[in-house]
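# Close look at the chain arrangement
One-letter residues, chain by chain:
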Amino acid sequence: MLHMMDLPILVLIALAAAIWLLGLIDCARTPADRVRFVPKLLWLLFLLNGSAVATLAWVYFGKKPIAAPAKIPAGRPGSFAQAR
């Protein structure tokens, strides 16, 4: 039977399992050209053997960031001819 003192521990275990599962799914769905340092299969094996620490390593070191879209220069105000 569960006691009220066991509830915080169970919540932490569920949270760690959810983080691990999300990292595993993210790695599996990431295209191979966005994976850094080692092949995708090794990342998946590392995640299967690992824990939340492996997921954090995947998030910070495993994926290349998505390239930011090019910004359009704002230009000078009033650069367009105003019709009068």
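That block above? That's the structure.
Starting afresh in each chain, residues are numbered from 1 along the sequence in its written order. A pLDDT threshold of at least 70 governs which residues receive local features in this predicted model, and a stricter bar of 80 or more applies before side-chain atom pairs are shown or counted, although totals over entire chains, interfaces and linings include all residues. Calculation of side-chain values draws on the structure's entire complement of heavy atoms; hydrogens and water are dropped beforehand.

## Quick word on the side chain of Thr55
For clarity, the cut-off: Helix and strand assignments follow DSSP, with helices taken as H or I runs no shorter than four residues and strands as E runs no shorter than two, numbered in order from the N terminus. The cut-offs for exposure are 20% and 50% of the maximum accessible area for each residue type, with area from a 1.4 Å probe on protein chains only; residues under the lower value are buried, those over the upper are exposed, and the others partly exposed. Two residues qualify as a contact provided that any one of their heavy atoms is within 4.5 Å of a heavy atom in the partner residue.
Looking at the secondary structure, you find Thr55 in helix H3 (residues 52-62). On the basis of relative accessibility, which here comes to 5%, the residue Thr55 falls in the buried class. Excluding residues that lie within four positions of it along the chain, Thr55 makes contacts with Ile19, Trp20, Gly23 and Leu47.

## A closer look at a nonpolar patch on the surface
Filter applied, for reference: Exposure above 30% relative accessible area and the absence of a salt bridge qualify a residue for a patch, where like charges join within 9 Å and nonpolar side chains (Val, Leu, Ile, Met, Phe, Trp, Tyr) within 5 Å. Each accessible area value is a Shrake-Rupley result obtained with a 1.4 Å probe; residue values ignore everything except the protein chains displayed when judging cover. Every case where a carboxyl oxygen of Asp or Glu lies within 4 Å of a side-chain nitrogen of Lys or Arg is listed as a salt bridge.
A contiguous nonpolar surface patch, about 1100 Å² in accessible area, is contributed by Phe37, Val38, Leu41, Leu42, Leu45, Leu48, Leu56, Val59, Tyr60 and Phe61. When contributions to the nonpolar patch are tallied by element, the ones reaching two or more residues are helix H2 (40-49) and H3. By the secondary structure assignment, Leu45 is in helix H2.

## Some details on helix H1 (residues 7-29)
The condition that has to hold: Helix span is expected to be 1.5 Å times the residue number reduced by one.
Compared with the 33 Å implied by 1.5 Å per residue over 23 residues, the 33 Å span of H1 between its first and last C-alpha is a close match. Considered for burial, the residues of H1 that qualify are Gly23, Leu24 and Cys27.

## As for the packing of aromatic side chains
Note the cut-off: Ring pairs are drawn from Phe, Tyr and Trp, using the six-membered ring of Trp, whenever the two centres fall within 6.5 Å, and their geometry is named by plane angle: stacked under 30 degrees, edge-to-face over 60, tilted for the rest.
Following the criterion strictly, the structure yields 2 aromatic pairs and no others. With a centroid separation of 6.0 Å and an interplanar angle of 65 degrees, the aromatic rings of Trp43 and Phe46 are classed as edge-to-face. Placement of the pair is Trp43 and Phe46 together in helix H2, with a separation of 3 residues, close to one helical turn. Ring geometry for Trp43 and Trp58: centres 5.5 Å apart, planes at 65 degrees, overall edge-to-face. On the criterion of sequence distance, the pair formed by Trp43 in helix H2 and Trp58 in helix H3 is long-range, its members being 15 residues apart. Each member of the pair, Trp43 as well as Trp58, is classed as buried.

## Details of the nonpolar core
General note: in soluble globular proteins, nonpolar side chains tend to be found buried as a group. Keep this limit in mind: What makes a nonpolar core is a set of buried Ala, Val, Leu, Ile, Met, Phe, Trp, Tyr and Cys residues whose side-chain atoms join them at distances within 4.5 Å.
In terms of nonpolar packing, the biggest core is built from 8 residues, these being Leu24, Cys27, Val35, Trp43, Leu47, Ala54, Ala57 and Trp58. For this core, the secondary-structure elements that each account for two or more residues are H1, H2 and H3. No other element matches the 3 residues that H3 contributes to this core. Aside from chain neighbours lying at most four places away, what touches Leu24 is Leu44, Leu47 and Leu48.

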